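# Secondary and tertiary structure notes
Residue-level listing of the chains:
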Amino acid sequence: MKRVKWGIIGCGGIARKRTIPGMLMAENCEIVAVQDVNLKIAEEVKLEAKAKYAFSSFEELLKIGEIDAVYIASPLFCHKEQVIASAKAKKHVLCEKPLGLNSDEIKEMMVACEENNVKFGTAFMARFHRYHVKAKEVVESGILGELVSLKAQFSFEYPELNVWRQDIKLAGGGGFMDVGTHAIDILRFMSGLEAREVVAITGNQFYNYSVEDTSHLLAKMNNGAVMYVSSSYSTNAEPNRFEITGKNGSVYGYDTLSQTGFDAKAYIKMVGEEEKPLTFEGDHVNMYTAETSAFADAIINDTEVPVGAKEGLAAQLLIEGAYKSETVKL
Ligand SMILES: NC(=O)c1ccc[n+]([C@@H]2O[C@H](COP(=O)([O-])OP(=O)(O)OC[C@H]3O[C@@H](n4cnc5c(N)ncnc54)[C@H](O)[C@@H]3O)[C@@H](O)[C@H]2O)c1
């Protein structure tokens, strides 16, 4: 089987803990080079990934001719420059969410990838969770009836740490940008609906960093249904969860947005019937293996990538609308 040769840009939390181990289990992927501004980390990850090269400069990594694609998992404020440079170096790009600090950045990145004829995907690995795929099938079967509401919550306690995610200039925003983007994406994915209007409550209830710690949005979807996303940095007390409700019943799940997703539970409940576990054939999959393997397949077969940049852009436009929305003061 042909294998896609990868370069990794940014070897921090998500790359080292989840995506690289996932990619190493994908039969159609091989990691050739890794890069991190911290060369010590890059050298350590090079050994873990059995890669040939470690760099502190992404420009050096992009000079390696045998690399077909890059996975970009640097902090958000680095994405635009690195995606555009990768496109110009004719590397296909799988970039971590959120793709850019704002939608203008994302559009610029999309143009660069198009002009250089390289594929550009958003690393929304949660689309590969078996319960999200199954819930999408349930919605598409029509048994829930016309959809009425879509809800997802993905919050956690994030005290002040002086890190890039808590600086508005480096992270573009708080809970919405970091985890709300996943919640929005799975609701769009499972429902097939698009948001047409959005309003939000944001602010800082507990912490004084420059991004919000309180992030709740409501959106009106193209069929009139309402989406509710809660993605605050204020508490660990609420598990992540989703619920899609139609006229005839609901499909809902818990812990499906966690990084492994293996402990997730999901159910279906029709009006007047008992709750039943949502079932699917086979086992849960490693979402990062599924994500990178599907992206590699798209390169090998020259087909559309499974989760394109347009999905990252759609989530970003909703978040931007949420930030711009105004409340009525009482
Ligand atoms: N899909 C998911 O499940 C998931 C989970 C967490 C984070 N993320 C996303 O992944 C990205 C990285 O997040 P993280 O939690 O791994 O961050 P992190 O802070 O843990 O790691 C970032 C790494 O990038 C390195 N770095 C800093 N500047 C760099 C540069 N200019 N070039 C290359 N590397 C640089 C740092 O040294 C660090 O090792 C973000 O976009 C984040 O939103 C996705």
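Our next topic: the nonpolar core. Ranked by internal contacts, the top residues of the largest apolar core, which has 46 residues, are Leu144, Leu217, Met227 and Ile244. When contributions to this core are tallied by element, the ones reaching two or more residues are α6 (130-141), β7 (147-153), α8 (175-191), β9 (214-221), β10 (226-230), β11 (241-246), β13 (265-270) and α10 (309-324). A per-element tally of this core places α8 first, with 9 residues. Viewed by domain, this core spans two of them, domain 1 (4-125 + 287-306) and domain 2 (130-283), each represented by three or more residues. In contact with leucine 217, other than residues within four places in its own chain, are Phe176, Ile184, Val198, Val199, Ala200, Met227, Tyr228, Val229, Leu318 and Ala322. Of all hydrophobic cores here, the second largest spans 26 residues; its members include Met23, Ala26, Leu94 and Ile299.

Counted by the stated rule, this structure contains 0 disulfides. With no disulfide partner, cysteine 11 has as its closest neighbouring cysteine sulfur the one in cysteine 78, 13 Å distant. Counting only cysteine sulfurs, cysteine 11 is the nearest neighbor of cysteine 29, a cysteine outside any disulfide, at a range of 15 Å.

For the rest of this paragraph, the subject is unusual backbone geometry. Omega for the peptide link from lysine 97 to proline 98 comes to -25 degrees, which places this bond in the cis form. Mapped onto the elements of the fold, proline 98 is located in the loop between β5 (92-95) and α5 (103-115).

Once that is clear, we can look at empty space enclosed by the protein. In the structure shown here, the tally under the stated rule is 1 cavity of 30 Å³ or more. Within this model, the largest cavity holds a volume of roughly 40 Å³. Every residue lining the largest cavity is listed: Leu94, Thr122, Phe128, Glu291, Phe295, Pro306 and Val307. When its residues are assigned to classes, the lining of the largest cavity shows 5 nonpolar, 1 polar and 1 charged.

In spatial order, the strands read β3-β2-β1-β4-β5-β6; together these 6 strands make up an open sheet with parallel pairing. In this open sheet, the two edge strands, each paired with only one partner strand, are β3 (53-55) and β6 (120-122). Direction aside, the axes of adjacent strands within the sheet are offset by 25 degrees on average. By the bridge criterion, 4 bridges tie strand β1 (residues 4-9) to strand β4 (residues 69-72) in an arrangement that is parallel.

Close to the ligand lie 25 residues; Ile14, Asp36, Lys97, Trp164 and Arg165 are nearest. One nitrogen or oxygen atom from the side chain of glutamine 82 is found 2.9 Å from a nitrogen atom belonging to the ligand. Bound to the protein, the ligand loses 83% of the 850 Å² it would expose on its own. Judged by the proximity of its atoms to the pocket grid, the ligand belongs to the largest pocket. Listed by contribution, the elements that provide at least two residues to the shell around the ligand are α1 (13-24), α4 (79-88) and α8. Along the lines of polarity and charge, the residues of the shell around the ligand split into 11 nonpolar, 9 polar and 5 charged. Residue contributions to the shell around the ligand reach at least three from each of two domains, namely domain 1 (4-125 + 287-306) and domain 2 (130-283).

With that out of the way, let us pick up the sheet that holds β10. In sheet architecture, strand pairing relies on hydrogen bonds along the backbone and comes in two forms, parallel and antiparallel. An order of β8-β9-β10-β7-β11-β12-β13-β14 is seen for the 8 strands of this open sheet, with the pairing classed as mixed. Taken across any chain shown, the strands that pair with only one partner, and hence form the sheet edges, are β8 (195-203) and β14 (276-277). Here α8 sits on the sheet and contacts β7, β8, β9, β10 and β11; the angle it forms with β10, its principal contact strand, is near 150 degrees. Across the sheet, α10 is in contact with β8, β9 and β10; its angle to β8 comes to roughly 55 degrees.

On to the pairing of β11. When β7 meets β11, the two strands line up antiparallel, connected through 6 bridges. Following the sheet pairing, lysine 151 is matched in β11 by glutamate 243. Two strands pair when backbone bridges link them, and β11 and strand β12 (residues 249-254) are joined in this way by 5 bridges, in the antiparallel orientation. When the bridges of β12 are listed, phenylalanine 242 appears paired with glycine 253. If you look at the hairpin formed by β11 and β12, you'll find 2 residues sitting between the two strands.

To continue, consider the packing of aromatic side chains. Counting across every chain of the model gives 13 aromatic pairs. Plain terms: the ring middles of phenylalanine 206 and tyrosine 207 are 6.3 Å apart, the flat faces sit at 50 degrees to each other, and that makes the pair tilted. Classification of tyrosine 207 as buried rests on a relative accessible area of 13%. Joined through ring pairs, the aromatic side chains of Phe156, Tyr158, Phe206, Tyr207, Tyr209 and Tyr233 make up one cluster. The ring of phenylalanine 189 has lysine 136 lying over it, and the distance from NZ or CZ to the ring centre is 4.8 Å.

Moving on to the layout of surface pockets. Estimates place the volume of the largest pocket at around 860 Å³. Lining the largest pocket are 43 residues, and of these Gly13, Ile14, Ala73, Trp164 and Arg165 sit closest to its centre. Elements supplying a minimum of two residues to the lining of the largest pocket: α1, α3 (58-62), α4 and α8. Split into classes, the residues belonging to the lining of the largest pocket amount to 23 nonpolar, 13 polar and 7 charged. Domain assignment of the residues forming the lining of the largest pocket places at least three in each of domain 1 (4-125 + 287-306) and domain 2 (130-283). Each pocket or cavity is described by its volume, and for the second largest pocket that value is around 310 Å³. Residue lining of the second largest pocket: 15 residues in total, with Phe120, Glu304, Val305, Gly308 and Ala309 positioned closest to the centre. For the lining of the second largest pocket, the elements supplying multiple residues, two or more each, are α5 and α10.

The rules behind the values
- Residues numbered from 1 in each chain as written.
- Predicted model: local features only at pLDDT ≥ 70, side-chain atom pairs only at ≥ 80, totals over all residues.
- Heavy atoms only, no water.
- Core = buried A, V, L, I, M, F, W, Y, C linked by side-chain atoms within 4.5 Å.
- Buried < 20%, exposed > 50% of the residue type's maximum accessible area, 1.4 Å probe, protein only.
- Helix = DSSP H or I, 4+ residues; strand = E, 2+ residues; numbered from the N terminus.
- Domains from an automatic or database assignment.
- Contact = heavy atoms within 4.5 Å.
- Disulfide = S-S within 2.5 Å.
- 1 Å grid on protein atoms, 1.4 Å probe; cavity = no way out; pocket = protein on both sides within 12 Å on 5 of 7 lines; lining within 4 Å.
- Points joined across faces, edges and corners; volume = space filled by probe spheres on them.
- Nonpolar A, V, L, I, M, F, W, Y, C, P; charged D, E, K, R; others polar.
- Pairing = 2+ DSSP bridges.
- Axes fitted to C-alpha atoms, helices over the stretch in contact; angles between N-to-C directions.
- Near = heavy atom within 4 Å.
- Polar contact = N/O pair within 3.5 Å; in protein donor to acceptor, adjacent residues only side chain to side chain.
- Areas by Shrake-Rupley, 256 points an atom, 1.4 Å probe, with all protein chains shown as cover.
- Sits in = over half its atoms within 2 Å of the grid points.
- Phe/Tyr/Trp six-rings, centres within 6.5 Å; stacked < 30°, edge-to-face > 60°.
- Lys NZ or Arg CZ within 6 Å of the ring centre and 35° of its normal.

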